[in-house]
Amino acid sequence: MSDPSSPPGSGPRHVAIIMDGNGRWAERRGLPRAVGHREGVQALKRTVQAAPKLGIECLTVFGFSTENWRRSAEEVSDLMGLVRAYVGSDLARLKREGVRVRILGRREGLPPDIADIVARTEAETAANDRFRLQVAFNYGGRADIVDAARKLAAQGAALDEDAFGRALSTGDGPPVDVIVRTSGERRLSNFLLWEAAYAEFVFQDVLWPDYGEEALAEAVAAFRDRDRRYGGRPAASA
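The following refers to the structure shown.

What counts, and at which threshold
Residues numbered from 1 in each chain as written. Predicted model: local features only at pLDDT ≥ 70, side-chain atom pairs only at ≥ 80, totals over all residues. Heavy atoms only, no water. Salt bridge = Lys/Arg side-chain N within 4 Å of Asp/Glu carboxyl O. Buried < 20%, exposed > 50% of the residue type's maximum accessible area, 1.4 Å probe, protein only. Helix = DSSP H or I, 4+ residues; strand = E, 2+ residues; numbered from the N terminus. Pairing = 2+ DSSP bridges. Core = buried A, V, L, I, M, F, W, Y, C linked by side-chain atoms within 4.5 Å. Contact = heavy atoms within 4.5 Å. Phe/Tyr/Trp six-rings, centres within 6.5 Å; stacked < 30°, edge-to-face > 60°. Axes fitted to C-alpha atoms, helices over the stretch in contact; angles between N-to-C directions. Parallel < 35°, antiparallel > 145°, perpendicular 65-115°, else oblique. Left-handed = near helix turned anticlockwise from the far one by under 90°.

## Digging into the pattern of salt bridges
Next up, step 1: Tallied over the full model, the rule gives 23 salt bridges.
Next up, step 2: When the shortest N-O distance is used, the salt bridge between Arg71 and Glu75 registers 3.0 Å.
Next up, step 3: The partly exposed category is assigned to Arg71, whose relative accessible area is 33%.
Next up, step 4: According to the relative accessible area criterion, Glu75 is buried, its value standing at 10%.
Next up, step 5: Measuring nitrogen to oxygen at the nearest pair gives 2.5 Å for the salt bridge that ties Arg84 to Asp113. Highlighted residues: Arg84 in helix H3 (residues 73-96) and Asp113 in helix H4 (residues 112-125), separated in sequence by 29 residues.
Next up, step 6: Owing to a relative accessible area of 35%, Arg84 belongs among the partly exposed residues under this scheme.
Next up, step 7: Each of the salt bridges in this network shares a partner with another, and the network as a whole consists of Arg100, Arg102, Arg107, Glu122, Arg132 and Asp172.

If you want it as structure tokens, here you go:
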């Protein structure tokens with residue numbers, strides 16, 4: 001986890017996105033927030049299809065945080081319904097297109113049918129290797145760090161940065177190259193706190209339901225323009 005993922009001028013291999021702005025998208029149109037969430041699912045489909053075309057090997061998206069349980073019961077129910085609908089409509093296509101799906105976050109506290117969907121989706125795509133989609137669901141960066149520490153303590157394992165990184169829910173994936181946040185907000189919101197150590201940040205003023213290949217390509221181009229030194233000094237000019 002501590003090794004750089006993409007060398008200078010290439011990549012990114014692993015893009016993580018905070019999908020923000022569904023509610024504002026709906027409110028600006030005088031629509032219920034649930035409509036914004038449904039359009040956000042369509043944006044996710046477009047983005048997953050676009051990512052491999054741009055050379056991305058792994059896409060991690062923030063779907064539902066541990067803090068989102070504080071929202072109204074109606075909105076939480078709508079969000080859970082979208083999980084059911086997305087898997088029901090897209091699991092066969094994801095399998096066919098070689099997408100491996102991983103769900104990051106705690107399974108405890110999920111409605112039983114959602115927990116079953118999570119387990120089934122991971123099991124049915126486990127052998128796929130063309131592209132990796134990670135969905136942070138019932139996820140919080142701090143909670144993930146605590147869970148990793150508990151896991152290592154229970155194992156009596158030696159503690160170093162590499163071991164800790166592997167114990168995180170992202171531990172078997174490539175390092176995060178870039179974290180994108182949509183809607184103009186500029187904060188991590190408890191997303192991939194450990195993994196963000198050497199990630200680049202790209203903030204885009206587009207609401208998530210309007211996202212797709214063009215916006216993702218802009219984020220990739222911004223990443224490729226960066227000089228990633230990982231704490232080292234810039235090269236001396238000739």
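## Focus: the pairing of strand E3 (residues 99-104)
Regular strands place side chains that alternate from one sheet face to the opposite one.
Next up, step 1: Counted residue by residue, E3 has 5 buried out of 6 residues, so it is predominantly covered.
Next up, step 2: Where E3 and strand E4 (residues 131-139) come together, 6 bridges link them in parallel fashion. Pairing of Ile103 across the sheet is with Val135, part of E4.

## Overview of the nonpolar core
Next up, step 1: Ranked by size, the top nonpolar core spans 45 residues in total, and within it Ile17, Leu133, Phe137, Tyr211 and Leu216 carry the most contacts.
Next up, step 2: Here this core gets 9 residues from one element, more than from any other, and that element is H3.
Next up, step 3: Setting aside its immediate chain neighbours within four residues, Tyr211 contacts Ile17, Ala43, Arg46, Thr47, Val180, Thr182, Gln204, Val206, Leu216 and Ala219.
Next up, step 4: One finds Ala16, Phe62, Leu104 and Tyr139 within the second-largest nonpolar core, a separate group that totals 12 residues.

## What about the packing of aromatic side chains?
Next up, step 1: All chains considered together, the criterion is met by 8 aromatic pairs.
Next up, step 2: Taken together, a centroid distance of 4.6 Å and an interplanar angle of 15 degrees make the contact between Phe62 and Phe191 stacked. A residue pair is termed long-range when its members are at least 10 positions apart, and Phe62 in strand E2 (residues 58-65) and Phe191 in the loop between strand E5 (178-181) and strand E6 (200-203) qualify at 129 residues.
Next up, step 3: Members of the aromatic cluster, connected to one another through ring pairs, are Phe62, Tyr139 and Phe191.

## Description of the environment of Ile117
Next up, step 1: Tracing the sequence through the fold places Ile117 in helix H4.
Next up, step 2: Ile117 sits in the buried class, given a relative accessible area of 11%.
Next up, step 3: Taking C-alpha positions, Ile117 is 9.2 Å from Gly88, a pair spaced 29 residues apart along the chain.
Next up, step 4: Setting aside its immediate chain neighbours within four residues, Ile117 contacts Val83, Arg84 and Val87.

## Examining the packing of H3 against H4
Next up, step 1: With their axes 11 Å apart at the nearest point, H3 and H4 run at an angle of 15 degrees to one another. Considered as vectors, H3 and H4 are oriented roughly parallel to each other. Where H3 crosses over H4, the handedness of that crossing is left-handed. On the side of H3, the interface is formed by Met80, Val83, Arg84, Val87, Leu91 and Lys95, while H4 contributes Asp113, Ile114, Ile117, Arg120, Thr121, Glu124 and Thr125.

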